[in-house]
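Listed below are the residues making up each chain.
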Amino acid sequence: MASSNSTVLVIATVFLASLIAASTANFYQDFDITWGDGRAKILNNGDLLTLSLDKASGSGFQSKKEYLFGNLDMQLKLIPGNSAGTVTSYYLSSKGSAWDEIDFEFLGNLTGEPYILHTNVFSQGKGNREQQFYLWFDPTADFHTYSILWNPQRIVFSVDGTPIREFRNLESARVPFPKSQAMRIYSSLWNADDWATQGGRVKTDWSKAPFTASYRNFKANACVWSSGSSSCGSNSPSSSASDGNAWLTEALDSKDQERMKWVQKNYMIYNYCTDTKRFPQGLPAECTISS
């Protein structure tokens, strides 16, 4: 009888643990659908969210919470087949005319042609910091994890745990860095065929609509901003990190640096830091400071 009771206890413990784990990534709890007139859907008891686009409208959602620094993961499965003209975005943004923003945008393409992953960082309303990449896998065949590490020292964009871009805090060189405005997570799927695919030469094929992108397994190790205060407290990043938020002081180690260099060498297709025609008066300051 004791053995039977212990077995029941183990099963109950595992069941409760699964409920707790599921509750940490529930789209009903973490996000609000904000537009799309029914084209955005939360499915599978909150484990899956889909955005759809047709000729009439796209769709979008945003996080219920605001964050001031965080390590944020989302798994996405992008539009299969002919996705030309479409853009699927996943980004952090604050409000106002001097907003901060950290962007992932996925630019669709013709069947058989690669998606372009577009990244950008805005600080105090100024962007123009685009870097673009091809991916080393088919992002429409399965879910892949897209991550933003944002702490007071750096922003790191990663794909399936591989860093692809780092934007460092170089305020000492008068480069603005997002660090004082809380941001929400936003995502949307919309038609941008005036520019998204091959400079706007390829238009959206509406006979293939509706176009659908899927999201799952959102994870946030983050400082939640509410009523003017942070869930991480007002302590220094180093003391908060010692309280279990190690990501607040996380940096790329030598292995991470090598992996990032590999991606940038083999898959980067545009880098604003090498576009001298775009910046005839000189490249932005962050581009000329050695790491």
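Keep in mind that what you see is a predicted model, and the values were worked out from it rather than measured.

About the cut-offs
- Residues numbered from 1 in each chain as written.
- Predicted model: local features only at pLDDT ≥ 70, side-chain atom pairs only at ≥ 80, totals over all residues.
- Heavy atoms only, no water.
- Core = buried A, V, L, I, M, F, W, Y, C linked by side-chain atoms within 4.5 Å.
- Buried < 20%, exposed > 50% of the residue type's maximum accessible area, 1.4 Å probe, protein only.
- Contact = heavy atoms within 4.5 Å.
- Phe/Tyr/Trp six-rings, centres within 6.5 Å; stacked < 30°, edge-to-face > 60°.
- Helix = DSSP H or I, 4+ residues; strand = E, 2+ residues; numbered from the N terminus.
- Disulfide = S-S within 2.5 Å.
- UniProt positions renumbered as here; feature names shortened; annotations may be inferred.
- Polar contact = N/O pair within 3.5 Å; in protein donor to acceptor, adjacent residues only side chain to side chain.
- 1 Å grid on protein atoms, 1.4 Å probe; cavity = no way out; pocket = protein on both sides within 12 Å on 5 of 7 lines; lining within 4 Å.
- Points joined across faces, edges and corners; volume = space filled by probe spheres on them.
- Nonpolar A, V, L, I, M, F, W, Y, C, P; charged D, E, K, R; others polar.

### Overview of the nonpolar core
Okay, so step 1: With 60 residues, the main nonpolar core has Met 74, Phe 104, Trp 150, Ile 155 and Tyr 215 as its most contacted residues.
Okay, so step 2: Non-local contacts of Ile 155, meaning those with residues more than four positions away in its chain, are made with Ile 102, Val 121, Ile 148, Leu 149, Trp 150, Arg 165, Glu 166, Phe 167, Phe 177 and Pro 178.
Okay, so step 3: Counting residues in hydrophobic clusters, the runner-up holds five residues, among them Val 87, Ile 116, Ala 192 and Ala 196.

### Things to note about the packing of aromatic side chains
A ring pair, where both rings are aromatic, is described by two values, the distance of the centres and the angle of the planes.
Okay, so step 1: This model, assessed by the stated rule, comprises 19 aromatic pairs.
Okay, so step 2: Here Phe 106 and Tyr 146 contribute two aromatic rings whose centre-to-centre distance is 4.8 Å and whose plane-to-plane angle is 75°, an arrangement assigned as edge-to-face. Placement of Phe 106 in strand β7 (residues 101–107) and of Tyr 146 in strand β10 (residues 144–151) is noted, with a sequence separation of 40 residues between them.
Okay, so step 3: Note on Phe 167 and Phe 177: the rings are 6.2 Å apart at their centroids and 5° apart in plane angle, and the pair reads as stacked. Of the two residues, Phe 167 sits in strand β12 (residues 162–168) while Phe 177 sits in the loop between β12 and β13 (184–191), which places them ten residues apart along the sequence. Just as Phe 167 is buried, Phe 177 falls in that class too.
Okay, so step 4: Grouping aromatic residues by their ring pairs yields a cluster made of Phe 27, Phe 31, Phe 61, Tyr 215 and Phe 218.

### Points about the state of the cysteines
Put plainly, a disulfide is one covalent bond tying together the sulfur atoms of two cysteines.
Okay, so step 1: If you walk through the whole model with that rule in mind, you get two disulfides.
Okay, so step 2: Note that Cys 223 is cross-linked by a disulfide to Cys 232, the S-S spacing being 2.0 Å. Because the torsion about its S-S bond is -95°, the bridge between Cys 223 and Cys 232 counts as left-handed. Each member of the pair, Cys 223 together with Cys 232, is buried.
Okay, so step 3: Note on cysteine connectivity: Cys 273 is disulfide-linked to Cys 287, with sulfurs 1.9 Å apart. Of note, the bridge from Cys 273 to Cys 287 carries an S-S torsion of about -70° and is left-handed in sense. Here Cys 287 lies in the segment after β16 (268–271) and Cys 273 lies in the segment after β16, a separation of 14 residues in the sequence.

### A short note on the UniProt feature "active site" (unreviewed entry) in the chain
Okay, so step 1: When the UniProt feature table is mapped onto this chain, "active site" (unreviewed entry) is found at Glu 101 and Glu 105.
Okay, so step 2: Residue position: Glu 101 is located in strand β7.
Okay, so step 3: The exposure class of Glu 101 is buried, given its relative accessible area of 13%.
Okay, so step 4: Aside from chain neighbours lying at most four places away, what touches Glu 101 is Tyr 91, Leu 92, Ser 93, Asn 120, Val 121, Phe 122 and Met 183.
Okay, so step 5: Of note is the side chain of Glu 101, whose polar atom sits 2.8 Å from the side chain of Trp 99.
Okay, so step 6: Inspection of the secondary structure assignment puts Glu 105 in strand β7.
Okay, so step 7: Ignoring anything within four residues of it in the chain, the contact list for Glu 105 reads Val 87, Thr 88, Ser 89, Ile 116, Leu 117, His 118, Trp 190 and Trp 195.

### Observations concerning the layout of surface pockets
Okay, so step 1: Taken as a whole, the largest pocket spans an internal volume of roughly 500 Å³.
Okay, so step 2: Around the largest pocket, the lining comprises 20 residues; the ones closest to its centre are Gln 131, Glu 166, Arg 168, Gln 264 and Glu 286.
Okay, so step 3: Taken together, the elements giving at least two residues each to the lining of the largest pocket come down to β12, α4 (254–267) and β16.
Okay, so step 4: The residue makeup of the lining of the largest pocket, split by class, is eight nonpolar, seven polar and five charged.

### As for unusual backbone geometry
Okay, so step 1: Along the chain, Ala 209 connects to Pro 210 via a cis peptide bond; the corresponding omega equals 5°.
Okay, so step 2: Along the chain, Pro 210 falls in the loop between β13 and β14 (211–226).
Okay, so step 3: At Gln 124, a residue that is not glycine, the phi angle is positive and equals roughly 55°.
Okay, so step 4: Tracing the sequence through the fold places Gln 124 in the loop between β8 (116–122) and β9 (131–133).
Okay, so step 5: According to the relative accessible area criterion, Gln 124 is exposed, its value standing at 54%.

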